[in-house]
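Architecture at a glance
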Amino acid sequence: MDFNNFTLAVDGDGIALLTWDMPDRSMNVFTEEVMDEIEAALDSLVADEAVKGIVFTSGKAGSFTGGADLKMLGRMLGDYRKLEASDPHAAMTQLFDRCGRMGALWRRIETCGKPVVTAIDGTCMGGGFELALACHGRVATPRAKMGLPEVKVGIFPGAGGTQRIARMLDAQAALQFLLKGEAIGAEKALAMKLIDKVAAPEELVETAKAMLKAGIPAVKPWDQKGYKLPSGPVYSAAGAQLWPAVSSLYRKETQDNYPGARAIVKCVYEGLLLPIDLGLKVEQRYFASVLRSTEAAMMIRSLFVSMQELGKGARRPHGIADRQPKRIAVIGAGFMGAGIAYVSAMAGIEVLLVDRDMAAAEKGKAHSASLMADRVKKGRAKEADAEALLSRITPADGYDGLADVDLVVEAVFEDRKVKADVIAAAAAAMKPGAIFASNTSTLPITGLAESFPEATRFIGIHFFSPVDRMMLVEVILGEKTGDEALATALDFVRAIRKTPIVVDDTRGFFANRCVLRYMSEAYDMVVEGVPPAMIENAARMAGMPVGPLALNDEVAIDLSRRIMQATMADLGEAAVDKRHFDLVNRLVDAGRLGRKAGKGFYDYPAKPAKKHLWPGLKELYPQQNAEDVDVKELQQRFLVTMALEAARTMAEGVVTDPREADVGSILGFGYAPYTGGALSYIDGMGVKAFVALCETLEKRHGERFAPIPLLHEMASAGQTFYGRFRPARQAEAA
Ligand code: NAD
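The name given to the chain in an unreviewed UniProt entry is Fatty oxidation complex subunit alpha, with Aureimonas altamirensis as the source organism. Among the UniProt annotations of the chain, the heading Pathway (unreviewed entry) holds the following wording: "Lipid metabolism; fatty acid beta-oxidation." Its UniProt record gives the chain a comment under Catalytic activity (unreviewed entry), which states: "a (3S)-3-hydroxyacyl-CoA + NAD(+) = a 3-oxoacyl-CoA + NADH + H(+)".

So, on to the UniProt feature "domain: 3-hydroxyacyl-CoA dehydrogenase C-terminal" (unreviewed entry) in the chain. According to UniProt, the positions carrying the feature "domain: 3-hydroxyacyl-CoA dehydrogenase C-terminal" (unreviewed entry) are residues 508–604. In residues 508–604, the share of helix is 65% and the share of strand is 2%. The end C-alpha atoms are 29 Å apart.

Take the site of the ligand next. Taken together, 21 residues are adjacent to the ligand, and M336, D355, E414, K419 and S441 come closest. Separating an oxygen atom of the ligand from a side-chain N or O atom of R356 is a distance of 3.1 Å. Within the contact set of the ligand, an oxygen atom lies 2.6 Å away from a side-chain nitrogen or oxygen of K419. Calculation on the ligand without its partners gives an accessible area of 830 Å², and the protein chains cover 77% of this total. Listed by contribution, the elements that provide at least two residues to the shell around the ligand are α14 (335–346) and α17 (416–429). The biggest single contributor to the shell around the ligand is α17, with 3 residues. Per-class residue counts for the shell around the ligand are 10 nonpolar, 7 polar and 4 charged.

Within this structure, the stated rule accounts for 23 aromatic pairs. When the ring of F56 is compared with that of F64, the centres are 6.0 Å apart and the planes differ by 50°; the resulting orientation is tilted. For F64, a relative accessible area of 0% gives the class buried. Taking the ring centre of Y722 as reference, the NZ or CZ of R301 above it sits at 3.4 Å. The ring of Y621 is capped by R586, whose NZ or CZ atom sits 5.1 Å from the centre of that ring.

Under the UniProt annotation, "domain: 3-hydroxyacyl-CoA dehydrogenase NAD binding" (unreviewed entry) lies at residues 328–505. Secondary structure content for residues 328–505 is 41% helix and 21% strand, and the end C-alpha separation is 23 Å.

Let us now look at the pairing of strand β1 (residues 6–10). Alignment of β1 against strand β2 (residues 15–20), held across 5 bridges, turns out to be antiparallel. Following the sheet pairing, T7 is matched in β2 by T19. Here β1 folds back onto β2, and the loop between the two strands holds 4 residues, one of which, G14, carries a positive phi near 80°.

What follows deals with the domain arrangement of the chain. What the domain assignment reports for the chain is domain 1 (4–291), domain 2 (325–505) and domain 3 (510–652 + 654–722). Once you take the C-alpha centre of each, domain 1 and domain 3 turn out to be 41 Å apart.

With the exception of glycine, most residues fall at negative phi, and the peptide bonds are largely trans. With an omega dihedral of -5°, the bond running from S465 to P466 counts as a cis peptide bond. Here P466 is to be found in the loop between β18 (458–462) and β19 (472–477). Omega for the peptide link from K607 to P608 comes to 5°, which places this bond in the cis form. With respect to the helices, strands and loops of the structure, P608 is situated in the loop between β21 (602–603) and β22 (612–613). Despite not being glycine, Q255 has its phi angle at roughly 55°, a positive value. One can find Q255 in the loop between α10 (237–254) and α11 (259–271). Residue Q255 is classed as partly exposed on the basis of its relative accessible area of 29%. The backbone of F509 sits at a positive phi, close to 50°, despite the residue not being glycine.

Calculation notes
Numbering of residues starts from 1 in each chain and follows the order in which that chain's sequence is written. Only residues with pLDDT of at least 70 get local features here, since the model is predicted, and only at 80 or more are side-chain atom pairs given and counted; chain-wide, interface and lining totals rely on the full set of residues. For side-chain calculations, the full set of non-hydrogen atoms in the structure is used, while hydrogens and water are omitted. UniProt positions are given in the numbering used here, feature names are shortened, and annotations may be inferred rather than shown by experiment. Under the scheme used here, helices are H or I runs from DSSP no shorter than 4 residues and strands are E runs no shorter than 2 residues, and both carry numbers assigned from the N terminus. Summary of the distance rule: residues count as near a molecule or strand when at least one heavy atom falls within 4 Å of that molecule or strand. Under the rule applied, a polar contact is a pair of N or O atoms within 3.5 Å (in protein, one hydrogen donor and one hydrogen acceptor; residues adjacent in sequence only if both atoms are side-chain atoms). To be clear on the numbers: accessible area is Shrake-Rupley with a 1.4 Å probe, and residue cover counts the displayed protein chains and nothing else. Ten residue types, Ala, Val, Leu, Ile, Met, Phe, Trp, Tyr, Cys and Pro, are classed as nonpolar, four, Asp, Glu, Lys and Arg, as charged, and the remainder, Gly among them, as polar. Think of it this way: a Phe, Tyr or Trp ring, Trp meaning its six-membered ring, pairs with another when their centres are within 6.5 Å, and the plane angle makes it stacked under 30 degrees, edge-to-face over 60, tilted otherwise. Type-normalised accessible area, obtained with a 1.4 Å probe on protein chains alone, sets the label of each residue: buried when under 20%, exposed when over 50%, and partly exposed for intermediate values. Our definition puts a charge over a ring when NZ of Lys or CZ of Arg is within 6 Å of the ring centre and also within 35 degrees of the ring normal. A strand pair is defined by DSSP finding two or more bridges across the two strands. Here the bounds of each domain stem from an automatic or database domain assignment.

Here is the structure:
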């Protein structure tokens, strides 16, 4: 039998080895053709009496599969939408059947009567791990990474994952595994009994064959009489304790914003009340429904497709050879510089870490030592890794070493004069062709570039704190920034495994500009007398990871005051709301500077006590009755004010690609991920509906909510952000 994606060989003991190796792909993924071929192979192997057992493996060293091709899901959804207009019932039936294809095939493997073992080397995610779970045995290499990450892109494991995991683990562990969507290593999978054996890559297939030869049952426990669920029946004393808690925990974690996560809880609960075949049907129904949700469409687009495209350099100028720097210099070994040195050394880049004196430079390097010590303690790195990383960071108190580096990243004090001096001195020591990047948060790149002899080689690379954890980097183009500088910056950001967005040189760039709106809306609410706890809770209910007042404490309230002062100095008194300025002045004057001072909008008592909102805040402004506050409207105000700001950045050309605004808003300031980002929030409800919502809020809360002309124009033309700003992409998807 001839396959495009598989080879098949049966050995003398009657064991068939089905090896998956897709041509022209670095990683195997499930496509319609792959499924057809698995089905055909299964038919022939089951019919062949000489075949006693089957080993399913991958021909790609270091990876089994990345899961389903999300484009396949896109096509299914596209077909559904096309048919929906003329025949909604047929459209739904077709989608339902296609959603069940993979699950049904895995169930056939499970019940085919012959034992099947998967041999897993490296990555085995999503539908691939669901396939493995349907097999009768699993063996994996020590480097295997297995998991069901679907929930992270708005869907959930819909090919039996929820049913088998819930029958292999106790209900609580199963829910945790499914709702977190984290990948696990071979050791952990073995301990959880999700796999049976661990074997070195060169012994993997032989170990799988040996399992078959030793004899393993070709019938799963749940298909045998007398099967008992790991944590007992749902309707039992234990179940009565567990399930109400599950429901409230789920709501606490997700605020019920994620249809994919909600479906996981339902599938497990309802599935465990039923025999497996009916449980699989329940899963299939929920899958077909979740797949049609706006949240799934938006999350798949932003958190999977766009993130991948941006990470691969979607905005990189064409025709410039790889410029990934081998050696860089970081000038300024303070809070940010030390973090930049760490993430660069982590990526294997040699770093010269420069500060005004050796003590300061050494202190910057010590930050890496402490982060690595922590990783070693948690078992995430070995002592040798820590040593190797530290050996790549060379502290220095002068610019001698600058002649050897491809890129200089400046992170000295946020002061025009200090930066200008550093830039000029560094320029004199750098080799020809090397690029200079500033990490400034507020100073225009074009202005800073004046201190550099060749403005084409000058760019902004704006990190977020803490550098080691924040995945977004804004790459800022000055007026004269050239393509080589842009390519270098993007190659560097890719090397350190962060996601770049390319932004124009304007006040606040993109992310800070939007996030200021978030905090400013909260100031309005405080001044209006909305109880502070409701402000924080409404923000979290809207899907924000941190309440605006807590966030302001992290950023520091005196910094908010400085930003307001600078804005007034540059743009005039009217540029800042006087009531907001009064509010921050009251806090700063009372020494409430935020977390660093142990008090801000919150009080921070000594551990283990938890932070709590400062009771005095309520006394500053007459409080509204909690019952009179419209919590839904508070949520909308947060999401709308940031989305409107993101729309303004597009209208002004600060950001030019909606993918960047969306991904930037989620990674940069945690914009409710279930929306797919600030612009997808608008596209998701439709620009017309968004304009109407803005107008309602404008009437009630003032002109900051007035829709901008671009939105009116788009609403009357029936456009979306992706349709208007990425027409090529839209055509592709149709
Ligand atoms: P920081 O005060 O912690 O560190 C600045 C460092 O620069 C200090 O170690 C200082 O000794 C050193 N320095 C000052 N003058 C120098 C000189 N002439 N030569 C060499 N080193 C010199 O400040 P930070 O928070 O790390 O901020 C650094 C830059 O990063 C600023 O431009 C800031 O706007 C920007 N930034 C900060 C954040 C943040 O959250 N803190 C976020 C993004 C960008």
